[in-house]
Amino acid sequence: MTIVKYRTLIFIITGILLAGAIGAIATYGLPLGIDFTGGTAMQISYPEGRPALADVQAQIAKVSLGVVSVRESGNDAITIHSRTMTPEEHLAVLAALSEKAKPTELSYSSVGPTFGTQFAAKALWALVAVALSIALFIAFAFRKVSRPVPSWIYGLTVIVILVHDLIVPAGFYAVLAHMTGADVDVLFVTALLALLGYSVNDTIIVFDRVREHLATNERTNSKESFEVTVGKSISETLTRSINTSLTVVLALLALVFYGATATRDFALVMLVGVIAGTYSSVLVAAPLLIPLSRWYTKK
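These numbers were taken from a predicted model, which means no experiment stands behind them.

A.B. asks: Please set out the packing of helix α7 (residues 151-180) against helix α8 (residues 186-220) residue by residue, giving values where relevant.
C.D. replies: Helix packing geometry: the angle between the two helix axes and the distance between the axes. At a minimum axis separation of 9 Å, α7 and α8 run at an interaxial angle of 145°. Here the hand of the crossing between α7 and α8 comes out right-handed. Here Tyr154, Thr157, Val158, Ile161, Leu162, Asp165, Leu166, Pro169, Ala170 and Tyr173 of α7 come into contact with α8, specifically with Phe188, Leu192, Leu195, Leu196, Ser199, Val200, Thr203, Phe207, Val210 and Leu214. In terms of residue class, the contact of α7 with α8 is made up of 16 nonpolar, three polar and one charged.

A.B. asks: Help me get a handle on the environment of Tyr154, residues and values and all.
C.D. replies: If you trace the backbone, Tyr154 turns up in helix α7. When the C-alpha atoms of Tyr154 and Gly231 are compared, they prove to be 16 Å apart, with 77 residues separating the residues in sequence.

A.B. asks: How would you summarise the domain arrangement of the chain if you had to cite specific residues and measurements?
C.D. replies: You can read the domains of the chain as domain 1 (2-34 + 115-298) and domain 2 (39-111). Summarising the inter-unit geometry, the C-alpha centres of domain 1 and domain 2 are found 40 Å apart. Listed by partner, the interface residues are eight residues for domain 1 and ten residues for domain 2. Counting the surface lost from both domain 1 and domain 2, the interface buries some 610 Å², and carbon and sulfur atoms represent 59% of this. Looking at the side of domain 1 facing domain 2, the largest losses of area belong to Ile34, Gly181 and Asp183, adding up to 72% of the total buried there. For the pair domain 1 and domain 2, the number of links is zero salt bridges. In this structure, the connection of domain 1 to domain 2 is made through one residue pair in polar contact (both at pLDDT 80 or more). Taken together, the residues of the side of domain 1 that touches domain 2 break down into four nonpolar, three polar and one charged.

Thresholds applied
The residue count restarts for each chain, going from 1 along the sequence in the order it is written. With pLDDT at 70 or above as the cut-off, local features in this predicted model cover only qualifying residues; side-chain atom pairs require 80 or more to be listed or tallied, and sums for whole chains, interfaces and linings still use all residues. Side-chain descriptors were evaluated using all non-hydrogen atoms of the structure, hydrogens and water having been removed beforehand. What counts as an axis is a line fitted to C-alpha atoms, over the stretch in contact for a helix, and the angles between N-to-C directions run from 0 to 180 degrees. Helix and strand assignments follow DSSP, with helices taken as H or I runs no shorter than four residues and strands as E runs no shorter than two, numbered in order from the N terminus. By definition, turning the near helix anticlockwise from the far helix through less than a right angle yields a left-handed crossing, and turning it clockwise yields a right-handed one. Note on contacts: a residue pair is in contact if any heavy atoms of the two residues lie within 4.5 Å. Residues are grouped as follows: Ala, Val, Leu, Ile, Met, Phe, Trp, Tyr, Cys and Pro are nonpolar; Asp, Glu, Lys and Arg are charged; all remaining types, including Gly, are polar. Reported domain spans reflect what an automatic or database domain assignment gives. By definition, the buried area sums, over both parts, the 1.4 Å-probe accessible area that each loses when the two are put together. Counted as salt bridges are all cases of a side-chain nitrogen of Lys or Arg within 4 Å of a carboxyl oxygen of Asp or Glu. N or O atoms closer than or at 3.5 Å make up a polar contact, with two conditions inside protein: a donor-capable atom paired with an acceptor-capable one, and, for residues adjacent in sequence, both atoms drawn from side chains.

Listed below in structure tokens is the structure:
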């Protein structure tokens, strides 16, 4: 009942978190990687010490590639983004970089601009389709629960929570990308899709307990208020939600500290998303039903 009692304060904190995440996205943006824009990405390591980025730019300028982006990556590496290179241009860039140092190429990938545009559109549609499918399924599953709120309000609440659970890790990634030079790639989209399923799993557990209590109250002709029912449902599922999320968080922490560099950003986005999803499922989703029920009843 404590969570329900202080729901207004929780809603204010949630609003501040959302405002911060949206502000980060608006300020720093989400730089699209070559998976979306097309082009070539190279990651070069300098074991003996990374030169100044201006020197690297000057070396690459010897190869006619047009606009080239050079960013720091970790302690001793750089990431080079350019238009799609030919095999000859790729070798020429490596030769130019090797004139004054002994770099090591860690990765090289090239994507055509047409494929990048198609992938960006499909990724956006995938996120929208998953969110709508989840909301429709929940509305259908709760179709027999009509008081004090109809089933579609449960689906609407889930959409609101899913938006929260996408914006918070996206805002975190905007800050991370600004600080480290990371890009939005296919792993970032994969993390968001995984978070959609994970977040709704926690939310549906609480909602299902609310549905069970509402059905029991109707059978026994109980006059228990909806606020009490929601508070009781949260208390009964709280331990389960925290324990489940804790096991996932521990696994993601292992990936962050001991996993491969290629999956570190993915693990960080998942980590922030899991924490945000647990927070919203326990503290926001079910309490949000109370003002919605009052609005619907009054209407």
